[in-house]
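Listed below, chain by chain, are the residues.
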Protein chains: 2
Amino acid sequence: MRSPTELTAAFRGRGLKVTPQRQLIFRLLDGNTAHPSAEILFAAAEAQMPGISLRTVYQTLNDLAEMGELNQLDLGTGASRFDPNVGDHHHLVCVDCGAVRDVHVSGARQLTPDGGPQGFVLDAPHVIFRGHCSECADAAQRS
Amino acid sequence: MRSPTELTAAFRGRGLKVTPQRQLIFRLLDGNTAHPSAEILFAAAEAQMPGISLRTVYQTLNDLAEMGELNQLDLGTGASRFDPNVGDHHHLVCVDCGAVRDVHVSGARQLTPDGGPQGFVLDAPHVIFRGHCSECADAAQRS
DNA sequence: TCGCAATTTGCAACCACTGTAGATTGGCAA
DNA sequence: TTGCCAATCTACAGTGGTTGCAAATTGCGA
């Protein structure tokens, strides 16, 4: 995702308006590596701008995703997670608490389906490592 | 997933009962490579057993997944997809129509996160290739 | 500064899925 | 073979995540 300033220009260039609500969401996402859900972002936004609606958060996230500024991830954690890092990377997912961490995986770009793409026109592969984060593994150990 | 006959024994062995509804679902999944959703399976089941409930389909799918006979896949297509193939393989997903195809990917097992597992205890990686299947790519071409 | 299209908000609706309860039934034990 | 009872089935309500809609508001180019 580009900086809040650059996004402001990008939105205007598309005929989209730049509202205080959107600027707040830009700032909340800028440099955010927590892979927040819409609800989590809404909670953070509400703390700074009481009265902002969840609907507006969804709307802006969808706009950003459509512009390619944001990756929407479906990792089986219940809600979609939003990732402002749109570079080449992959994900570690804790199946207990839903924590998500970015990771680089060398060799991932070179992966191809054995036997060819089966007629599909394919994007780059996405690698998901599921498991238990240290906190959850520790908690399970103790119990 | 094992054969319907073996599943019958496995269910009884766990103190679970084998009902006509469950046997039907076993048969619908046996050798099924379509990665159906619960709704799709329900529609197929209802055709052969009018009156069967969606709740029962979910219940049985959950039981099978818990027993490790079925993989539940969250691929961002709206609903969970169920895969009776529990061997080592990966997936091609059409982002237009939601079609899913099994693929083998040589080298996938060897993938690891650069910089180590970050404290996570990890399962085997899962590789997802998103793209457009031939039908959807053709349809987009024509329009 | 104006005007209008884009946006925001609140709320209803929708989809996928799960909880619950009462009626039913598989399957073991006698 | 029968009887019992826990497991199951169905119907329906409820939940969580997300989108549709309409009325009121507002950004921003002319």
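Further up the page is the structure itself.
Bear in mind that the values here come from a model prediction, so they are computed numbers and not experimental data.

Draft legend 1. Expanded view of the environment of glycine 15 of chain A. Residue and element names in this part refer to chain A. With respect to the helices and strands, the residue glycine 15 is situated in the loop between helix H1 (4–13) and helix H2 (20–29). A count of 6 C-beta atoms within 10 Å places glycine 15 in the exposed class. Between the alpha carbons of glycine 15 and phenylalanine 26 there is a distance of 17 Å; along the sequence they are 11 residues apart.

Draft legend 2. Up close: the relation of the copies chain B and chain A. Once chain B has been moved 0.0 Å along the axis and rotated by 179°, it coincides with chain A to within an RMSD of 0.2 Å. Overall, the copies show the geometry of a two-fold rotation axis. Proximity to the rotation axis, assessed at the C-alpha, singles out valine 127 of chain B in chain B; its C-alpha lies 2.3 Å from the axis. In this assembly, 100% of the residues forming the interface of chain B have copies in chain A that are likewise at the interface, indicating an isologous arrangement.

Draft legend 3. Fine view of helix H4 (residues 54–66) of chain B. All names here are of chain B. For H4, spanning 13 residues, the distance from its first C-alpha to its last is 18 Å, which sits close to the expected 18 Å at 1.5 Å a residue. Those residues of H4 not exposed but buried are Val57, Thr60, Leu61 and Leu64. Along H4, the residues classed as buried sweep out an arc of 100° about the axis, all on the same side. In H4, the exposed positions angled more than 90 degrees off the buried face are occupied by Arg55 and Glu66. Structurally, H4 contributes buried residues whose contacts are with helix H2 (20–29), helix H3 (38–48) and strand E2 (81–83). At the exit of H4 stands glycine 68, carrying a positive phi of roughly 80°.

Draft legend 4. Summary view of the interface of chain B and chain A. Across the boundary between the two partners, chain B contributes 32 residues, which contact 32 residues of chain A. Every element with two or more residues in the side of chain B that touches chain A is listed here: strand E3 (90–94), strand E4 (100–103), strand E5 (121–122), strand E6 (126–132) and helix H5 (134–142) of chain B. It is E6 of chain B that provides the largest number of residues to the side of chain B that touches chain A, a total of 7 residues. Residues of the side of chain B that touches chain A, tallied by class, amount to 17 nonpolar, 10 polar and 5 charged. Sheet topology note: the strand E6 (residues 126–132) of chain A/E6 of chain B ladder contains 3 bridges and is antiparallel.

Draft legend 5. Summary view of the protein's contact with DNA strand C. The immediate surroundings of DNA strand C are formed by 27 residues, with Leu16, Thr19 and Thr56 of chain A together with Val18 and Ser80 of chain B found nearest. Counting residues per element, the ones that place at least two in the surface near DNA strand C are H2 and helix H4 (54–66) of chain A together with H3 and H4 of chain B. Take the surface near DNA strand C: its biggest share by element is 4 residues, from H4 of chain A.

Quick notes on the rules
- Residues numbered from 1 in each chain as written.
- Chains lettered and ligands numbered in written order.
- Predicted model: local features only at pLDDT ≥ 70, side-chain atom pairs only at ≥ 80, totals over all residues.
- Helix = DSSP H or I, 4+ residues; strand = E, 2+ residues; numbered from the N terminus.
- Buried ≥ 20, exposed ≤ 12 C-beta atoms within 10 Å, placed from the backbone.
- Least-squares fit on C-alpha atoms with pLDDT ≥ 70 in both.
- Contact = placed C-beta atoms within 7 Å.
- Expected span 1.5 Å × (residues − 1).
- Arc of directions from axis to C-beta.
- Nonpolar A, V, L, I, M, F, W, Y, C, P; charged D, E, K, R; others polar.
- Pairing = 2+ DSSP bridges.
- Near = placed C-beta within 6 Å.

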